[in-house]
Amino acid sequence: PSTQRELQLFWPTMPQPEIISAPGMQTLTLPCTYAEGETVEVRVIVRAMQPEALMAELARITAEREGVTSARKAYGQYDPGVVYRHARDANPLNVDFTDTVDRIIGYSLATDIAAAPALRDGSSVAVTVGYAFRTSNQLTCLVPADMPTLMGRAVSALPGEEVHIRGTIIGGPRAAVLVDYIGFPAQEAEGDAWLVNIEWPGLPPRVFWDYGYYELVGLPCQHAPGRFEALRVFLTEVRILKFEMPAEAPE
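Residues numbered from 1 in each chain as written. Predicted model: local features only at pLDDT ≥ 70, side-chain atom pairs only at ≥ 80, totals over all residues. Heavy atoms only, no water.

Draft legend 1. The arrangement of the overall build of the protein in detail. Along its length, the protein carries three helices and 15 strands. Overall, the C-alpha framework of the protein stretches about 70 × 60 × 35 Å when taken along its three principal axes. Of all 251 residues assigned to the protein, the portion counted as buried reaches 41%. Taking as baseline every contact in the protein between residues at least 6 positions apart, the subset at least 24 positions apart corresponds to 56%. Split by element, the accessible area of the protein, about 13,600 Å² in all, is 52% carbon and sulfur. Looking at the protein, you have 20 positive and 31 negative side-chain charges, and the mean spots of the two groups are 7 Å apart. (Helix = DSSP H or I, 4+ residues; strand = E, 2+ residues; numbered from the N terminus. Buried < 20%, exposed > 50% of the residue type's maximum accessible area, 1.4 Å probe, protein only. Contact = heavy atoms within 4.5 Å. Areas by Shrake-Rupley, 256 points an atom, 1.4 Å probe, with all protein chains shown as cover. Lys, Arg positive; Asp, Glu negative; His and termini not counted. Charge placed at Lys NZ, Arg CZ, Asp CG, Glu CD.)

Draft legend 2. Inspection of the side chain of R153 at higher detail. You can see R153 is positioned in helix α3 (residues 148-156). Engagement of the side chain of R153 in a polar contact is seen with the side chain of D210, the distance being 2.6 Å. Ignoring any residue separated from it by four or fewer positions in sequence, one finds R153 in contact with Y181, I182, G183, F184, E188, W209 and D210. (Polar contact = N/O pair within 3.5 Å; in protein donor to acceptor, adjacent residues only side chain to side chain.)

Draft legend 3. The arrangement of the sheet that holds strand β14 (residues 212-220) in detail. With antiparallel pairing, four strands are arranged side by side in an open sheet as β2-β1-β15-β14. In the strand order of this sheet, the two ends are held by β2 (18-20) and β14, each with one partner. Strand-to-strand, the axes of this sheet are offset by a mean angle of 20 degrees, without reference to chain direction. (Pairing = 2+ DSSP bridges. Axes fitted to C-alpha atoms, helices over the stretch in contact; angles between N-to-C directions.)

Draft legend 4. How the structure looks around the packing of aromatic side chains. Going through the model one piece at a time under the given rule, you end up with four aromatic pairs. The interplanar angle of 80 degrees and the centroid separation of 4.9 Å between the aromatic rings of Y107 and Y131 together place this pair among those described as edge-to-face. Separated by 24 residues along the polypeptide, Y107 in the loop between β6 (94-106) and β7 (115-120) and Y131 in strand β8 (residues 123-135) bring together distant segments of the chain. (Phe/Tyr/Trp six-rings, centres within 6.5 Å; stacked < 30°, edge-to-face > 60°.)

Draft legend 5. Looking closely at the sheet that holds strand β13 (residues 206-208). Strand order in the open sheet made by the four strands is β3-β4-β12-β13, with antiparallel pairing throughout. Edge positions in the open sheet fall to β3 (24-31) and β13, since each of these has one partner strand only. The sheet shows a mean angle of 20 degrees between the axes of neighbouring strands, direction not considered. Of the pairings in the sheet, the one linking strand β4 (residues 39-49) to strand β12 (residues 193-199) comprises seven bridges and is antiparallel in character. Note that in β12 the partner of R43 across the bridge is E199.

Draft legend 6. Geometry of the environment of G183. Relative to the helices and strands, G183 resides in strand β11 (residues 176-183). Through-space distance from the C-alpha of G183 to that of L150 is 9.2 Å; in sequence the pair is 33 residues apart. When neighbours within four sequence positions are excluded, G183 is seen to be in contact with R153, E162, V163, H164 and E188.

Draft legend 7. Here's a closer look at the side chain of Q8. Note that Q8 resides in strand β1 (residues 2-10). Judged by relative accessible area, which is 15%, Q8 ranks as buried. Side chain to side chain, Q8 and E6 meet in a polar contact 2.9 Å long. With residues up to four places along the chain from it excluded, the contact list for Q8 reads P17, E18, I19, R232, V233, F234 and T236.

Draft legend 8. Main features of a nonpolar patch on the surface. A surface patch of nonpolar side chains, amounting to about 420 Å² of accessible area, comprises L241, F243 and M245. Within the secondary structure layout, F243 lies in the segment after β15 (228-240). A residue is classified by how much of its surface remains accessible, and F243, at 64% relative accessible area, is exposed. (Patch = residues over 30% accessible without salt bridge, like charges linked within 9 Å, V, L, I, M, F, W, Y side chains within 5 Å. Salt bridge = Lys/Arg side-chain N within 4 Å of Asp/Glu carboxyl O.)

Draft legend 9. Just the nonpolar core, in detail. Core analysis: the biggest nonpolar cluster contains 32 residues, and F133, V143, I165 and I182 have the highest contact counts within it. Sequence-distant contacts of I182, that is, excluding residues within four places in its chain, are made with F133, V143, L150, R153, A154, V163, H164, I165 and W209. The next biggest cluster of nonpolar side chains, apart from the first, holds 21 residues, and it includes V42, F208, L216 and L231. (Core = buried A, V, L, I, M, F, W, Y, C linked by side-chain atoms within 4.5 Å.)

Here is the structure:
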């Protein structure tokens, strides 16, 4: 089937969403929620990318977020059983593997997996884990709470479903992996995917690359210090099947 996409951006004081129906760059002028007559400019960049190019770009974005010197984060491809052995020994490798979802841990996380060590801008920090699940090879996949696309994909994972993971081994008793990418081989649509960057003044770009609903909160108001704006984003993906209806039978 062919796939059509559309990006809808909802702003609190606007009755209709701004709609972007094709890749490209646009600058939206939005009315300030708190200061009458004032506006803020938000740049939206949409790129259509083939799967291999998307994976390479996500690796570049991850390297930039972590503050490493390489052009993109490199992952070694492993059998999930081998990843488990490395995770059991707490070898901090960047791994790429495919496994099957075994059990959903969900949002309610034990203390030992509620946060995970990660690199941000070249420094080691503890990131909040928003969701977790376990694979059939006993690997615990930890999803950062500040990665909206990963959260959306993780929540949709079902036991018994094949899942493609990229991430960094954390180790520990649960053989944990901090996730950078989640894919579902059986669901991947052919053709281009959309990679969306939303640039709010003074903040790092918000990036997502899968259909779904996203709430961008905590956006500092440019005209009312201490106030924050919220932008709701809906990326739709519609697959269109063409077929001929059978002729109607005569009465």
